[in-house]
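# Structural overview
Chain by chain, the residues run as shown.
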Amino acid sequence: MDFDLTDEQRLIRETARAFTDNEIVERGRENDRNEHFDLELVAMIANQGYLGAIVPREYGGAGLDYLTYGLVVEEIGRGDSAMRTVISVQTSLVCSALLRWGTEAQKQRYLPKLCTGEWLGCFGLTEPDTGSDAANQRTRARRTDSGWLLNGAKMFISLGNHAKLALIFAQTDPAQGHRGLACFLVDTDQPGFVPQEIHHKMGLRGSDTASISLSDVEVGDDDLLGEVGEGFKIAMSSLDSGRYSVAAGCVGICQGCVDASVRYSKEREQFGRPIASFQLVQAMLADMAVETDAARMLVWRAGFLKDTGKPNTTETSIAKLYATEAAVRCANTAIQVHGGSGYVDDHPVERYFRDVRVTTLYEGTSQIQQLIIGRALTGINALVPK
């Protein structure tokens, strides 16, 4: 792997960095304080081409490779994880599923609107009783003369209150287990689709999170993504892309913690000198720098494998596991460097700490990533005990 970025990649990263610093950082702090989902900022991000970064240009996307996409997501994640979540859901979960599993008609219908931000999409997999056990869907899809009727509930769905398109996973035949799962492209503008905003979150307060009730929601045969029985494969392939973007965003949090802590430690004086001159403070800064570099290299490796078409599920899980846990450690250490000042939101590290905690939970918990890695090492599937 060549770790030298191309001129184009460096330019894209610098552009994303400037956009983040100029447009996202301050608004992200205010949106967090006010629990405000900033649709104006989402539109600005869409205008940058970040909502369809990996989508080919023929469908309205930016046509970027995964490594370059990761560079963008890292910079946005450094500025505001809530806005990084919008990119991850729209691009990695929704658009990637359409790209891989959609018909040409479905791609032409949905991708241009998603890439421009005209439509937002959501990924309806998690349910009130279904988290890590993704195959155990309680939502049911019943055959009708004209298509399907969906009934059930979804939980913790990012963008669920504003999405025009929802990817809804449902069980068509409980006796078939995961082989009965299907994924449906659902128009949310109908009476049976009822989202409700989830409040009082620990972090990502500037993002949109919903619970969704599905009551006789109608979908046609043309709204089936892939085939009946492929729903589980669709979910897992999308999560493979989603985990990559979460990991890249967490590298941004790690870098933000380093930047903020170095800056603060050189300004803050105790005992007549900057605290950056104290050995134990430098040790904390060094630990964060090492965590950041290690996480970034793992993300770059996963992106490289994706771009070269090589198997990468294990490497993506390694990147997601390490980068998310490293970001939690970096945020915790950054608050320690800041002392009492890090406990209030005058500095970004307080928000980093709250925002990053969920990254070890969604798109596969750290424990699920460990089981995926363990399965690759041993050939034994501990995800589903015999």
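Residues numbered from 1 in each chain as written. Predicted model: local features only at pLDDT ≥ 70, side-chain atom pairs only at ≥ 80, totals over all residues. Heavy atoms only, no water.

Within the structure shown, the criterion is met by eight aromatic pairs. Ring centres 6.0 Å apart and planes at 50° place the aromatic pair Y110 and W119 in the tilted group. With respect to class, Y110 is no different from W119; both count as buried. Taken together, the ring pairs in this structure connect Y66, Y69 and Y244 into an aromatic cluster. Its end group placed over the ring of W119, K164 keeps NZ or CZ at 4.4 Å from the ring centre. The aromatic ring of Y66 is capped on one face by K306, whose charged end is 5.5 Å from the ring centroid. (Phe/Tyr/Trp six-rings, centres within 6.5 Å; stacked < 30°, edge-to-face > 60°. Buried < 20%, exposed > 50% of the residue type's maximum accessible area, 1.4 Å probe, protein only. Lys NZ or Arg CZ within 6 Å of the ring centre and 35° of its normal.)

Moving on: unusual backbone geometry. Keep in mind that most residues, glycine aside, have a negative phi and that most peptide bonds are trans. Although it is not a glycine, E35 adopts a positive phi angle of roughly 50°. Within the element layout of this structure, E35 appears in the loop between helix 1 (7-34) and helix 2 (39-47). Backbone geometry places D216, a non-glycine residue, at a positive phi of 50°. (Helix = DSSP H or I, 4+ residues; strand = E, 2+ residues; numbered from the N terminus.)

With that settled, the discussion passes to the pattern of salt bridges. Tallied over the full model, the rule gives 22 salt bridges. R296 is paired through a salt bridge with E74; the nearest N and O atoms lie 2.7 Å apart. Within this pair, whereas R296 is found in helix 7 (residues 279-307), its partner E74 is found in helix 3 (residues 66-79), the two being separated by 222 residues in sequence. As far as burial versus exposure is concerned, R296 and E74 are alike and both buried. Through salt bridges with shared partners, a single ionic network connects E26, R29, E30, R33 and D345. (Salt bridge = Lys/Arg side-chain N within 4 Å of Asp/Glu carboxyl O.)

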